[in-house]
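Reading the structure
Listed below, chain by chain, are the residues.
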Amino acid sequence: MSRTTNAALSLSMCLPLALSCSLAWVGTAAAQDATSLRKANRTTASLALASRQNAVDLGFEAFKKKVFKEPFPGGVYIVNGDTPILDEAELREFYTKEIVQEWKSTRFGLPAGAGPTIQLIVDAPGGKPNVWDNVAKKAISYCVSKGFGADYERVKASMAAAAQAWQEASDVRFVHRPELDAKCSATTPEVVFDVRPVNVNGQYLARAFFPRTPRPQRNVLIDASALKLEPGKLTLDGILRHELGHTLSYRHEHTRAESGKCFEDKDWVPLTSYDAFSVMHYPQCNGLGDWSLTLTSLDKTGAACLYGPAPGFVLDPAQCPKL
Ligand SMILES: [Zn+2]
């Protein structure tokens, strides 16, 4: 996830976006009154619409220049704050489908006046859901790089806590392989994915992958900025809950409607509804969002529908959509 876009309240102070803005806002959110929030969100809505139109007008090459690309070997493009795009061909496809066509056809994918959808969204290229199969879902193994140094134990604990949150709802199993931590890299073949530190100067707090991502990019990368958060609701546990949601195929909660606003951190300030609290909802896309990034009951139900309920988790199958 990324923190470089900011809450609506800090709009005037945070453009151009400064890393300190979003966290400075966190502690004061509860004290803001609903009227000012609504007003600020209307402002962000109009800015987001203008930015999107600009992206369409400027064309792909200009869009590409604005997309962050990780500055290290194997680095990927990052859209929607923390979503990896493997190469230029895929970025062009994203631009064509998600920016240009979506703009032309629906204006954020929603009819005017409609609110965002509050449900877990699954990665489904070409309409085909891309998820772990019944065997793979029980052995999503990972290593945690010793390169975290003094933060190694903390990262290990946060990964375990984040995994546990999803495992309590759905029948999946993350498996830490500590014996591989000393040689944990993008090419460690014995694990499904690796967890490693990076320094991208706050371009994102962390980024993950989807089940369809090839092994070299199947990483959870944690920026140094995520390891020195100020005390508050935003925690490493929460960030990793969000990122592990991506590894299970969950896309950002705010649907195509809002994802369009968030494709480029530096230029976009999104709007969203006031009640979208999913762990997969981008907090900075939400004027009233709770930065604790915990699983809501809808998150748990959606996860249980997709992968089957965890032992002890009560699920009414009638709640599940047909994928
Ligand atoms: Zn994300």
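Please refer to the structure placed before this passage.
Bear in mind the structure is a predicted one, so any value in this text is a computation, not a measurement. Here the residue numbers are simple positions, counted from 1 along each chain's written sequence. Note on the predicted model: pLDDT of at least 70 is required for a residue's local features to be given, and 80 or more for side-chain atom pairs to be given and counted; whole-chain, interface and lining totals, by contrast, use all residues.

Residues three or four positions apart in an α-helix share a direction because the helix packs 3.6 residues into each turn. The end-to-end C-alpha distance of helix 7 (residues 236-247) is 16 Å, a good match for the 16 Å that twelve residues give at a rise of 1.5 Å each. Residues are called buried when their C-beta atom has 20 or more other C-beta atoms within 10 Å, exposed when it has 12 or fewer, and partly exposed otherwise; all C-beta atoms are positioned from the backbone. Runs of E in the DSSP output that reach at least two residues are strands. Runs of H or I that reach at least four are helices, and both are numbered from the N terminus. Burial analysis of helix 7 places twelve of its twelve residues in the buried class, the great majority of the element. The set of residues buried in helix 7 consists of Leu236, Asp237, Gly238, Ile239, Leu240, Arg241, His242, Glu243, Leu244, Gly245, His246 and Thr247. Residue pairs are scored as contacts if the distance between their C-beta atoms, which are placed from the backbone, is within 7 Å. Structurally, helix 7 contributes buried residues whose contacts are with strand 5 (140-144), helix 6 (152-167), strand 7 (193-198), strand 8 (206-207), strand 9 (219-223) and strand 10 (250-251). Looking one or two residues beyond helix 7, the residue adopting positive phi is serine 249, at roughly 100°. Helix span, as expected, comes to 1.5 Å for every residue beyond the first.

Whether two strands pair comes down to DSSP finding at least two bridges between them. The strand order 6-5-7-9-8 describes an open sheet built from five strands, whose pairing is mixed. One side of each edge strand has no neighbouring strand; the edge strands of this open sheet are strand 6 (174-176) and strand 8. In this structure, strand 7 lies alongside strand 9, joined through five bridges in parallel fashion. Counterpart to arginine 196 in the pairing with strand 9 is leucine 221.

With nine of eleven residues buried, helix 9 (residues 297-307) is to be regarded as a mostly interior element. When helix 9 is considered as a whole, its buried residues turn out to be Asp299, Lys300, Thr301, Gly302, Ala303, Ala304, Cys305, Leu306 and Tyr307. Of the surrounding secondary structure, the elements contacted by the buried residues of helix 9 are strand 4 (121-122) and helix 6. Glycine 308 sits one or two positions beyond helix 9 and adopts a positive phi of about 85°.

This part is about the pairing of strand 7. Within strand 7, five of the six residues are buried, leaving the element largely enclosed by the surrounding structure. Pairing analysis gives three bridges linking strand 5 to strand 7, with the strands arranged parallel. Following the sheet pairing, tyrosine 142 is matched in strand 7 by phenylalanine 193.

Turning our eyes to something else, we now look at unusual backbone geometry. Phi angles above zero are rare outside glycine, and serine 249 is one such case at about 100°. Topologically, serine 249 is positioned in the loop between helix 7 and strand 10. Judged by local crowding, serine 249 falls into the buried class, with 21 C-beta atoms found within 10 Å. The phi angle at leucine 293 is positive, at roughly 50°, despite the residue not being glycine. Inspection of the secondary structure assignment puts leucine 293 in the loop between helix 8 (255-259) and helix 9.

Here leucine 205 lies in the loop between strand 7 and strand 8. On the neighbour-count criterion, leucine 205 (28 C-beta atoms within 10 Å) is buried. Separated by 124 residues in sequence, leucine 205 and glycine 81 have C-alpha atoms that sit 9.1 Å apart.

Turning our eyes to something else, we now look at the nonpolar core. Within the largest apolar cluster, 53 residues are counted, with the highest numbers of intra-cluster contacts made by Tyr142, Trp166, Val195, Ala206 and Ile222. Secondary-structure elements contributing two or more residues to this core are strand 2 (77-79), strand 5, helix 6, strand 7, strand 9, helix 7 and helix 9. In this view, isoleucine 222 contacts Val155, Val195, Pro197, Val198, Ala206 and Leu227; residues no more than four positions away in its chain are not counted. By our criterion, buried Ala, Val, Leu, Ile, Met, Phe, Trp, Tyr and Cys residues that link up through C-beta atoms within 7 Å make up a nonpolar core.

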